[in-house]
Amino acid sequence: MAVTDRARTVSQAEQAEQAEQAEQAEQIEQAEQSGTGPAPGGKAGAGLGAGLLLALLATVVWSGSFVATRGMAGTVPPVQAVFWRWIIALVAVAPFAARQAWHQRALIRRHFRYIAVATLFGVTLYNTLVHQAGLTTSASNMGMIMAASPVIMALYARLGGERLGARRTFGMLLAAFGVLLLVGDGSIGFHFGAGDLWMFAAALSFATYSALLKRKPAELGGLAFLITTFALGALMLAPAYAVSLAVQGGFRATTGSVGMLLYVGVLSSAVAFFAWNKAISLIGAARAGVVYYLQPVCVAGLGFLLLGEHTGPAQLLCMALILGGVGLGARR
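Calculation notes
Residues numbered from 1 in each chain as written. Predicted model: local features only at pLDDT ≥ 70, side-chain atom pairs only at ≥ 80, totals over all residues. Heavy atoms only, no water. Helix = DSSP H or I, 4+ residues; strand = E, 2+ residues; numbered from the N terminus. Buried < 20%, exposed > 50% of the residue type's maximum accessible area, 1.4 Å probe, protein only. Contact = heavy atoms within 4.5 Å. Areas by Shrake-Rupley, 256 points an atom, 1.4 Å probe, with all protein chains shown as cover. Expected span 1.5 Å × (residues − 1). Bend = angle between axes of the 7 residues up to and from the residue.

**Re the overall build of the protein**
Now for step 1: Check the secondary structure of the protein and you find 14 helices and zero strands.
Now for step 2: Mapped in sequence order, the helices and strands of the protein form the string α-α-α-α-α-α-α-α-α-α-α-α-α-α.
Now for step 3: Buried positions account for 45% of the 332 residues belonging to the protein.
Now for step 4: Sequence separation of at least 24 residues holds for 90% of the intrachain contacts in the protein that already meet a minimum separation of 6.
Now for step 5: For the protein, the computed accessible surface area is about 15900 Å², with 66% contributed by carbon and sulfur atoms.

In structure tokens:
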């Protein structure tokens, strides 16, 4: 009897804590939409800083994943690379998330339709499209084209009733202009290949996933949501993986291919997706999307450090425009 009472007390405490967190999140969102915002030194200010740092962490890690994805092109078939990516991510996150997912299994069943749709766009389609694009376009192009997704995130946010504000809108447009110049090598006129079009589809899929995160039930834990999407994403990819094995055969496991799979599985999937999902819950998809504009800058920096790619004055000017736009758009 005492065990039952203690369990009931713990359950009530958890429910009270979740209700308080949901109420605080709603108050912050209402304050931002009204344009007043919370006090600079309060909890919301700390939440803004943490959210921006988490969005930046995810952006930097994902920038490296474009280099790894490009490196696997021609050696690991796209569907097989994505399937093993999520298997590795599942193994990496299981020690931290399995217990929460088990305790919240009733919530997962209740919101399964929402989780399945989010998994389809954020786990299954997005990453498959990225790996497909890596076959025919450069890592730099992949990173620059993915910078189009914040525009779609902002449109989703506006359609959902969120007020973007003049400063954030101007910052977004300034960063978008910088990205266009960067993609066009200093001019607006440029041409896209097949890989570039695959990346535009990936950007649309990722923006849709980010918009869906705003609708994640507050009572559903972040780790439980993460491990469920990883497992469900692997299941969705299993039939395509079997077909790829039958048609293309398996790939040779070398030190390079395994290392890149570990990077995209552990860092780009487990770590970056957790950081991005948490950032969305703290600062919203539109503001996190502005930080995502830094991705072309990160990819260019990695290309310079790892590949020795040249960065000229035009690229530096474009990066300055992107950084200035991010600075304006990310402010509270």
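**Things to note about helix α11 (residues 255-283)**
Now for step 1: Along its 29 residues, α11 runs 39 Å from first to last C-alpha, staying within 8% of the 42 Å computed at 1.5 Å per residue.
Now for step 2: Bending of α11 peaks at approximately 35 degrees at the position of A272.
Now for step 3: Directly beyond the C-terminal end of α11, a positive phi value near 90 degrees is found at G284.

**Concerning the environment of I87**
Now for step 1: Within the secondary structure layout, I87 lies in helix α3 (residues 78-103).
Now for step 2: Note on I87: relative accessible area 24%, which makes it partly exposed.

Such coordinate-based values are descriptive only and should not be taken to indicate function.
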